[in-house]
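Single-letter residue listing:
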Amino acid sequence: MAFTFSGEMVDLGGGRGWLDRPAADSVFRIDRQLGHLLQITDAGRTWGQQNVEFQTYLRVGYPIALDPDTPSIHQRGAAVDSNEAQRILAIMADHGWYRTVYRWVNGVWTLVEEWHFEHSPERDNHINDPAAPAAQIPSEEDDMLALRIKDGAGRSHLAALGVGVFRHFIEGDNPEWVKNVIRSDDAWVDVPLPQLPALLRTYGCDLQIWDVRDSAFVVLDPLDNTVRSGNMWSAANAARAKLTPIQVNSAETLAYVKELAGKA
Amino acid sequence: MHASRIPDHAALRSILQAPDGPPRMILDIGGSADLDGDGLVTVHLADDGDTLIFEDA
(Lines give C-alpha, C1' and ligand atoms only; values in the text may rest on other atoms or scores of the structure.)
Protein backbone atom coordinates (compact mmCIF):
# COMPACT_ATOMS: atom_id res chain seq x y z
CA MET A 1 0.00 0.00 0.00
CA ALA A 2 1.39 3.37 -0.97
CA PHE A 3 2.81 5.35 1.93
CA THR A 4 1.17 8.71 2.59
CA PHE A 5 2.99 11.31 4.67
CA SER A 6 0.77 12.46 7.51
CA GLY A 7 3.12 14.80 9.36
CA GLU A 8 3.68 18.53 8.97
CA MET A 9 5.59 19.55 5.84
CA VAL A 10 7.80 22.42 7.08
CA ASP A 11 9.62 24.51 4.46
CA LEU A 12 13.30 24.71 5.36
CA GLY A 13 13.79 27.98 3.48
CA GLY A 14 16.52 28.79 1.00
CA GLY A 15 15.11 26.35 -1.54
CA ARG A 16 16.16 23.40 0.62
CA GLY A 17 12.84 21.58 0.50
CA TRP A 18 10.77 20.34 3.44
CA LEU A 19 10.97 18.11 6.51
CA ASP A 20 8.62 16.94 9.23
CA ARG A 21 8.40 19.36 12.18
CA PRO A 22 10.88 17.68 14.61
CA ALA A 23 13.57 17.30 11.93
CA ALA A 24 12.92 20.77 10.49
CA ASP A 25 13.23 22.39 13.91
CA SER A 26 16.51 20.53 14.38
CA VAL A 27 17.81 21.91 11.07
CA PHE A 28 16.79 25.41 12.16
CA ARG A 29 18.77 24.95 15.40
CA ILE A 30 21.79 23.78 13.38
CA ASP A 31 21.40 26.83 11.10
CA ARG A 32 21.52 29.06 14.17
CA GLN A 33 24.58 27.27 15.55
CA LEU A 34 26.41 27.52 12.21
CA GLY A 35 25.39 31.11 11.59
CA HIS A 36 24.19 30.25 8.10
CA LEU A 37 21.77 27.90 6.39
CA LEU A 38 23.04 24.32 6.41
CA GLN A 39 23.60 23.25 2.82
CA ILE A 40 21.05 20.58 1.88
CA THR A 41 20.82 18.87 -1.49
CA ASP A 42 17.72 16.77 -0.82
CA ALA A 43 15.26 16.55 2.07
CA GLY A 44 11.66 15.29 2.18
CA ARG A 45 10.40 13.29 -0.79
CA THR A 46 6.97 12.38 -2.06
CA TRP A 47 6.12 8.78 -2.96
CA GLY A 48 6.69 9.65 -6.62
CA GLN A 49 10.06 11.25 -6.00
CA GLN A 50 11.17 8.26 -3.92
CA ASN A 51 9.96 5.88 -6.64
CA VAL A 52 12.16 7.65 -9.19
CA GLU A 53 15.14 7.14 -6.86
CA PHE A 54 14.17 3.49 -6.23
CA GLN A 55 13.79 2.67 -9.92
CA THR A 56 17.22 4.18 -10.57
CA TYR A 57 18.65 2.03 -7.79
CA LEU A 58 17.04 -1.12 -9.22
CA ARG A 59 18.38 -0.29 -12.68
CA VAL A 60 21.96 0.73 -11.87
CA GLY A 61 22.43 -0.27 -8.22
CA TYR A 62 23.42 3.21 -7.11
CA PRO A 63 22.67 5.36 -5.20
CA ILE A 64 20.93 3.13 -2.69
CA ALA A 65 17.23 3.98 -2.34
CA LEU A 66 14.48 2.18 -0.46
CA ASP A 67 11.21 1.04 -1.97
CA PRO A 68 8.71 3.94 -1.71
CA ASP A 69 6.29 1.51 -0.04
CA THR A 70 8.80 0.67 2.73
CA PRO A 71 8.95 3.78 2.99
CA SER A 72 12.21 5.78 2.94
CA ILE A 73 13.04 8.10 5.82
CA HIS A 74 13.10 10.84 3.20
CA GLN A 75 9.36 10.22 2.72
CA ARG A 76 8.84 10.55 6.47
CA GLY A 77 10.51 13.96 6.30
CA ALA A 78 13.38 12.99 8.59
CA ALA A 79 16.39 12.61 6.26
CA VAL A 80 18.63 15.02 4.39
CA ASP A 81 21.41 14.63 1.88
CA SER A 82 24.12 17.20 2.54
CA ASN A 83 27.73 17.81 1.56
CA GLU A 84 28.36 20.37 4.27
CA ALA A 85 27.06 18.08 7.01
CA GLN A 86 29.88 15.63 6.26
CA ARG A 87 32.33 18.24 7.54
CA ILE A 88 30.48 18.84 10.83
CA LEU A 89 29.74 15.29 11.97
CA ALA A 90 30.08 16.10 15.68
CA ILE A 91 27.52 18.90 15.41
CA MET A 92 25.18 16.71 13.38
CA ALA A 93 25.45 13.87 15.92
CA ASP A 94 24.85 16.31 18.79
CA HIS A 95 21.59 17.21 17.07
CA GLY A 96 20.66 13.57 16.46
CA TRP A 97 21.65 13.22 12.79
CA TYR A 98 23.43 10.01 11.78
CA ARG A 99 24.59 8.37 8.56
CA THR A 100 23.00 5.00 8.07
CA VAL A 101 23.63 3.48 4.63
CA TYR A 102 26.12 0.60 4.51
CA ARG A 103 27.19 -1.94 1.91
CA TRP A 104 29.18 -5.16 2.26
CA VAL A 105 32.40 -4.24 0.40
CA ASN A 106 35.45 -6.52 0.33
CA GLY A 107 34.41 -8.30 3.49
CA VAL A 108 33.71 -5.14 5.50
CA TRP A 109 30.53 -3.26 6.30
CA THR A 110 31.31 0.09 4.68
CA LEU A 111 29.54 3.44 4.91
CA VAL A 112 28.75 4.15 1.27
CA GLU A 113 26.52 7.20 1.31
CA GLU A 114 28.43 9.77 3.29
CA TRP A 115 25.89 12.46 2.42
CA HIS A 116 22.77 10.73 3.77
CA PHE A 117 21.75 11.74 7.33
CA GLU A 118 18.72 10.59 9.29
CA HIS A 119 17.28 12.39 12.30
CA SER A 120 16.70 10.46 15.53
CA PRO A 121 14.79 12.61 18.03
CA GLU A 122 15.76 10.29 20.89
CA ARG A 123 19.45 11.07 20.18
CA ASP A 124 18.91 14.83 19.67
CA ASN A 125 20.52 16.62 22.63
CA HIS A 126 18.67 19.82 21.70
CA ILE A 127 15.24 18.40 21.00
CA ASN A 128 13.69 20.58 23.73
CA ASP A 129 15.53 23.76 22.72
CA PRO A 130 13.42 26.34 20.89
CA ALA A 131 13.84 26.33 17.15
CA ALA A 132 15.04 29.54 15.54
CA PRO A 133 12.07 31.77 14.81
CA ALA A 134 11.02 31.46 11.22
CA ALA A 135 11.74 35.14 10.67
CA GLN A 136 15.45 34.46 11.08
CA ILE A 137 15.45 32.12 8.12
CA PRO A 138 15.76 34.15 4.92
CA SER A 139 12.91 33.39 2.61
CA GLU A 140 13.28 33.12 -1.12
CA GLU A 141 11.74 36.52 -1.64
CA ASP A 142 14.74 38.01 0.18
CA ASP A 143 17.22 36.81 -2.42
CA MET A 144 17.46 40.42 -3.65
CA LEU A 145 18.50 43.53 -1.76
CA ALA A 146 16.68 46.83 -2.14
CA LEU A 147 19.42 49.46 -2.06
CA ARG A 148 19.23 53.16 -1.23
CA ILE A 149 22.61 54.34 -2.50
CA LYS A 150 23.84 57.61 -1.01
CA ASP A 151 26.26 59.56 -3.18
CA GLY A 152 28.78 62.16 -2.00
CA ALA A 153 26.31 65.00 -2.54
CA GLY A 154 23.75 63.42 -0.24
CA ARG A 155 21.47 62.28 -3.04
CA SER A 156 19.75 58.88 -2.83
CA HIS A 157 19.56 56.46 -5.75
CA LEU A 158 17.34 53.39 -5.57
CA ALA A 159 18.32 50.01 -6.99
CA ALA A 160 17.82 46.26 -6.61
CA LEU A 161 20.73 43.85 -6.31
CA GLY A 162 20.55 40.08 -6.67
CA VAL A 163 22.96 37.36 -7.72
CA GLY A 164 24.28 38.59 -11.06
CA VAL A 165 21.59 41.27 -11.38
CA PHE A 166 21.80 45.02 -10.74
CA ARG A 167 18.77 47.15 -11.58
CA HIS A 168 18.49 50.91 -11.14
CA PHE A 169 15.03 52.30 -10.46
CA ILE A 170 13.53 55.42 -11.94
CA GLU A 171 10.39 57.02 -10.56
CA GLY A 172 8.21 55.40 -13.22
CA ASP A 173 9.18 51.97 -11.91
CA ASN A 174 7.29 52.67 -8.66
CA PRO A 175 10.37 51.58 -6.66
CA GLU A 176 8.54 51.55 -3.32
CA TRP A 177 6.12 48.95 -4.62
CA VAL A 178 8.91 46.84 -6.15
CA LYS A 179 10.88 47.03 -2.90
CA ASN A 180 7.88 45.76 -0.94
CA VAL A 181 7.52 42.87 -3.37
CA ILE A 182 11.14 41.70 -3.22
CA ARG A 183 11.75 42.31 0.49
CA SER A 184 9.81 40.60 3.25
CA ASP A 185 10.87 43.39 5.64
CA ASP A 186 9.78 46.10 3.15
CA ALA A 187 12.98 47.99 3.96
CA TRP A 188 15.69 49.73 1.96
CA VAL A 189 19.32 49.02 2.80
CA ASP A 190 21.29 52.28 3.00
CA VAL A 191 24.56 51.92 1.11
CA PRO A 192 27.24 54.62 1.00
CA LEU A 193 28.49 54.89 -2.58
CA PRO A 194 32.06 53.76 -1.67
CA GLN A 195 30.59 50.48 -0.41
CA LEU A 196 28.77 49.68 -3.63
CA PRO A 197 31.68 47.94 -5.41
CA ALA A 198 32.11 45.46 -2.56
CA LEU A 199 28.39 44.62 -2.68
CA LEU A 200 28.44 44.23 -6.44
CA ARG A 201 31.42 41.89 -6.23
CA THR A 202 29.75 39.87 -3.49
CA TYR A 203 26.68 39.38 -5.66
CA GLY A 204 28.67 38.34 -8.73
CA CYS A 205 28.26 41.56 -10.68
CA ASP A 206 30.92 43.33 -12.72
CA LEU A 207 32.28 46.52 -11.16
CA GLN A 208 32.31 48.95 -14.06
CA ILE A 209 28.62 48.83 -14.78
CA TRP A 210 27.50 52.05 -13.11
CA ASP A 211 28.37 55.73 -12.86
CA VAL A 212 27.03 59.04 -11.58
CA ARG A 213 26.73 61.47 -14.48
CA ASP A 214 25.27 64.94 -14.15
CA SER A 215 23.90 64.00 -10.73
CA ALA A 216 22.09 61.00 -12.21
CA PHE A 217 22.86 57.37 -11.38
CA VAL A 218 23.33 55.39 -14.57
CA VAL A 219 23.78 51.69 -15.31
CA LEU A 220 25.16 49.81 -18.30
CA ASP A 221 22.74 47.62 -20.24
CA PRO A 222 25.01 45.02 -21.81
CA LEU A 223 22.49 44.09 -24.48
CA ASP A 224 22.33 47.47 -26.18
CA ASN A 225 25.41 49.10 -24.60
CA THR A 226 23.38 52.06 -23.37
CA VAL A 227 24.37 53.75 -20.11
CA ARG A 228 21.44 55.47 -18.51
CA SER A 229 19.14 55.66 -15.52
CA GLY A 230 16.63 52.84 -15.15
CA ASN A 231 18.83 50.29 -16.89
CA MET A 232 19.50 46.74 -15.71
CA TRP A 233 22.82 44.94 -15.90
CA SER A 234 22.79 41.17 -15.56
CA ALA A 235 25.49 38.56 -15.90
CA ALA A 236 23.18 36.56 -18.17
CA ASN A 237 22.68 39.49 -20.52
CA ALA A 238 26.40 40.28 -20.47
CA ALA A 239 27.04 36.69 -21.62
CA ARG A 240 24.30 36.90 -24.25
CA ALA A 241 25.79 40.11 -25.59
CA LYS A 242 29.03 38.29 -26.32
CA LEU A 243 27.35 35.58 -28.36
CA THR A 244 27.63 35.95 -32.10
CA PRO A 245 24.23 36.78 -33.57
CA ILE A 246 22.89 34.28 -36.10
CA GLN A 247 23.70 35.44 -39.60
CA VAL A 248 20.62 35.07 -41.77
CA ASN A 249 21.60 33.80 -45.19
CA SER A 250 18.36 32.34 -46.48
CA ALA A 251 16.64 34.55 -49.04
CA GLU A 252 13.27 33.39 -47.76
CA THR A 253 14.13 34.33 -44.17
CA LEU A 254 15.53 37.70 -45.25
CA ALA A 255 12.31 38.40 -47.14
CA TYR A 256 10.28 37.41 -44.10
CA VAL A 257 12.34 39.69 -41.84
CA LYS A 258 11.86 42.58 -44.27
CA GLU A 259 8.14 41.91 -44.36
CA LEU A 260 7.97 42.01 -40.56
CA ALA A 261 10.05 45.21 -40.48
CA GLY A 262 7.62 46.76 -42.93
CA LYS A 263 4.70 45.97 -40.62
CA ALA A 264 6.42 47.47 -37.61
CA MET B 1 15.03 -12.57 4.62
CA HIS B 2 17.41 -14.87 6.40
CA ALA B 3 19.50 -13.11 9.02
CA SER B 4 22.02 -15.93 8.95
CA ARG B 5 22.90 -14.97 5.37
CA ILE B 6 23.84 -11.45 6.38
CA PRO B 7 27.56 -11.40 7.10
CA ASP B 8 29.53 -10.30 10.14
CA HIS B 9 26.94 -9.68 12.80
CA ALA B 10 29.74 -8.79 15.20
CA ALA B 11 30.77 -5.84 13.03
CA LEU B 12 27.19 -4.64 12.78
CA ARG B 13 26.78 -4.87 16.53
CA SER B 14 30.04 -2.97 17.01
CA ILE B 15 28.92 -0.13 14.72
CA LEU B 16 25.52 0.15 16.39
CA GLN B 17 26.92 0.01 19.91
CA ALA B 18 29.61 2.65 19.29
CA PRO B 19 29.00 5.94 21.16
CA ASP B 20 28.78 7.81 17.87
CA GLY B 21 27.06 4.94 16.05
CA PRO B 22 23.76 5.28 14.20
CA PRO B 23 20.56 4.04 15.86
CA ARG B 24 19.87 1.89 12.81
CA MET B 25 21.56 0.88 9.58
CA ILE B 26 20.34 0.34 6.05
CA LEU B 27 22.26 -2.59 4.60
CA ASP B 28 22.78 -3.24 0.94
CA ILE B 29 23.32 -7.00 0.97
CA GLY B 30 23.47 -6.99 -2.78
CA GLY B 31 21.36 -9.99 -3.59
CA SER B 32 18.01 -11.57 -3.09
CA ALA B 33 18.41 -12.68 0.49
CA ASP B 34 15.67 -10.29 1.52
CA LEU B 35 11.97 -10.81 0.90
CA ASP B 36 11.27 -8.27 -1.82
CA GLY B 37 14.43 -8.85 -3.81
CA ASP B 38 15.88 -5.36 -3.81
CA GLY B 39 18.80 -6.38 -1.62
CA LEU B 40 18.07 -3.91 1.16
CA VAL B 41 17.43 -4.64 4.84
CA THR B 42 17.60 -2.58 8.02
CA VAL B 43 19.10 -3.55 11.32
CA HIS B 44 18.90 -2.09 14.80
CA LEU B 45 19.56 -3.22 18.34
CA ALA B 46 16.84 -4.72 20.50
CA ASP B 47 16.09 -3.23 23.90
CA ASP B 48 18.73 -5.47 25.46
CA GLY B 49 21.33 -3.48 23.49
CA ASP B 50 22.86 -6.60 22.05
CA THR B 51 20.40 -8.53 19.90
CA LEU B 52 20.28 -7.52 16.25
CA ILE B 53 16.83 -6.98 14.75
CA PHE B 54 16.78 -7.31 10.95
CA GLU B 55 13.85 -6.12 8.89
CA ASP B 56 13.19 -6.18 5.19
CA ALA B 57 13.36 -2.67 3.75
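Source: prediction; values computed, not measured.

### Topic: the packing of aromatic side chains
How two aromatic rings sit relative to each other is given by the distance of their centres and the angle of their planes.
All names here are of chain A.
Right, so step 1: Considering all chains together, one arrives at 5 aromatic pairs over all chains under this definition.
Right, so step 2: Seen in terms of ring centroids, F166 and F217 are 6.2 Å apart; in terms of plane orientation they differ by 70°. Their pairing is edge-to-face. Highlighted residues: F166 in strand β10 (residues 165-168) and F217 in strand β13 (residues 216-221), separated in sequence by 51 residues.
Right, so step 3: For F217, a relative accessible area of 1% corresponds to the buried category.
Right, so step 4: One aromatic cluster in this structure is built from F166, W210 and F217.
Right, so step 5: Residue placement shows R123 over the ring face of Y98; its charged tip is 5.1 Å from the ring centre.

### Focus on the sheet that holds β13 of chain A
Residue and element names in this part refer to chain A.
Right, so step 1: Taken in spatial order, the 3 strands make up an open sheet running β12-β13-β14, and their pairing is antiparallel. Two strands in the sheet have a free side with no partner beyond their single neighbour: β12 (210-213) and β14 (226-228). Across the sheet, the mean angle from the axis of one strand to that of its neighbour is 30°, orientation sign disregarded.
Right, so step 2: Here 4 bridges tie β12 to β13, and the two strands are oriented antiparallel to one another. Counted as the bridge partner of R213 is A216 from β13.

### A word on the nonpolar core
Residues and elements named next belong to chain A.
Right, so step 1: Within the largest apolar cluster, 20 residues are counted, with the highest numbers of intra-cluster contacts made by L12, L19, L38, I40, V80, M92 and W97.
Right, so step 2: Sorting the residues of this core by element identifies α1 (21-34) and β3 (79-81) as the ones contributing at least two each.
Right, so step 3: Here this core gets 5 residues from one element, more than from any other, and that element is α1.
Right, so step 4: Residues contacting L38, with those up to four places away along its chain left out, are R16, I30, D31, S82, E84, A85, I88 and M92.
Right, so step 5: One finds L147, F166, V191 and W233 within the second-largest nonpolar core, a separate group that totals 16 residues.

### A word on the interface of chain A and chain B
Accessible area lost upon the coming together of the parts serves often as the stated size of an interface.
Right, so step 1: At the interface, 21 residues of chain A touch 20 residues of chain B.
Right, so step 2: Of all residues in chain A, L66, Y102 and W109 of chain A bury the most surface against chain B, accounting for 37% of the area lost on that side.
Right, so step 3: Across the chain A-chain B interface, the total number found is 2 salt bridges.
Right, so step 4: A salt bridge links E118 of chain A to R24 of chain B, with the shortest nitrogen-to-oxygen separation between them at 3.0 Å.
Right, so step 5: On the surface where chain A and chain B come into contact, there are 8 residue pairs in polar contact (both at pLDDT 80 or more).
Right, so step 6: For the side of chain A that touches chain B, the secondary-structure elements that each account for two or more residues are α2 (47-60), β4 (97-99) and β5 (101-105) of chain A.
Right, so step 7: No other element matches β5 of chain A, which puts 4 residues into the side of chain A that touches chain B.
Right, so step 8: Counted by class, the side of chain A that touches chain B contains 12 nonpolar, 3 polar and 6 charged residues.
Right, so step 9: Of the strand pairs in this sheet, β5 of chain A and strand β1 (residues 24-28) of chain B are connected by 3 bridges, and their pairing is parallel.

### Topic: the sheet that holds strand β8 (residues 145-150) of chain A
Consider a sheet: its strands pair through backbone hydrogen bonds, and that pairing is either parallel or antiparallel.
Residue and element names in this part refer to chain A.
Right, so step 1: Sheet architecture is open: 5 strands sit in the order β11-β8-β9-β10-β15, paired in mixed fashion. Bordering the open sheet on either side are β11 (189-192) and β15 (232-234), each of which pairs with just one other strand. Here the average twist between neighbouring strands, direction ignored, is 25°.
Right, so step 2: The sheet contact formed by β10 and β15 spans 3 bridges and is antiparallel. Across the sheet, the residue bridging to R167 is M232, located in β15.

### Focus: the pattern of salt bridges
Right, so step 1: Applying the stated criterion across every chain yields a total of 15 salt bridges over all chains.
Right, so step 2: Salt bridges linked by common partners bring E8, R21 and D25 of chain A together as one network.

### Here's the deal with the confidence of the model for chain B
Residue and element names in this part refer to chain B.
Right, so step 1: Summing up the model confidence of chain B, the mean pLDDT is 84 and the portion of residues at 70 or higher is 84%.
Right, so step 2: No element of chain B has a lower mean pLDDT than strand β3 (residues 52-56), at 89, and none a higher one than helix α1 (residues 9-17), at 96.
Right, so step 3: Both scores are available for the predicted complex, with the pTM at 0.58 and the ipTM at 0.88.

### Focus: unusual backbone geometry
Right, so step 1: For the bond running from T70 of chain A to P71 of chain A, omega is -5°, close enough to zero to count as cis.
Right, so step 2: Here P71 of chain A is to be found in the loop between α2 and β3.
Right, so step 3: The backbone phi angle of D8 of chain B is positive, close to 50°, even though this residue is not glycine.
Right, so step 4: Using a relative accessible area of 37% as the deciding quantity, one classes D8 of chain B as partly exposed.

### Considering the pairing of β3 of chain B
Along any regular strand the residues' side chains alternate between the sheet's two faces.
All names here are of chain B.
Right, so step 1: Note that strand β2 (residues 40-45) and β3 share 5 bridges and pair antiparallel. Bridge pairing in β3 links V43 to F54.
Right, so step 2: The antiparallel pairing of β2 with β3 creates a hairpin that spans 6 residues between the two strands, and G49 there sits at a positive phi of about 75°.

What counts, and where the lines are drawn
Residues numbered from 1 in each chain as written. Chains lettered and ligands numbered in written order. Predicted model: local features only at pLDDT ≥ 70, side-chain atom pairs only at ≥ 80, totals over all residues. Heavy atoms only, no water. Phe/Tyr/Trp six-rings, centres within 6.5 Å; stacked < 30°, edge-to-face > 60°. Helix = DSSP H or I, 4+ residues; strand = E, 2+ residues; numbered from the N terminus. Buried < 20%, exposed > 50% of the residue type's maximum accessible area, 1.4 Å probe, protein only. Lys NZ or Arg CZ within 6 Å of the ring centre and 35° of its normal. Pairing = 2+ DSSP bridges. Axes fitted to C-alpha atoms, helices over the stretch in contact; angles between N-to-C directions. Core = buried A, V, L, I, M, F, W, Y, C linked by side-chain atoms within 4.5 Å. Contact = heavy atoms within 4.5 Å. Buried area = accessible area lost by both parts, 1.4 Å probe. Salt bridge = Lys/Arg side-chain N within 4 Å of Asp/Glu carboxyl O. Polar contact = N/O pair within 3.5 Å; in protein donor to acceptor, adjacent residues only side chain to side chain. Nonpolar A, V, L, I, M, F, W, Y, C, P; charged D, E, K, R; others polar. pLDDT = per-residue confidence, 0-100.

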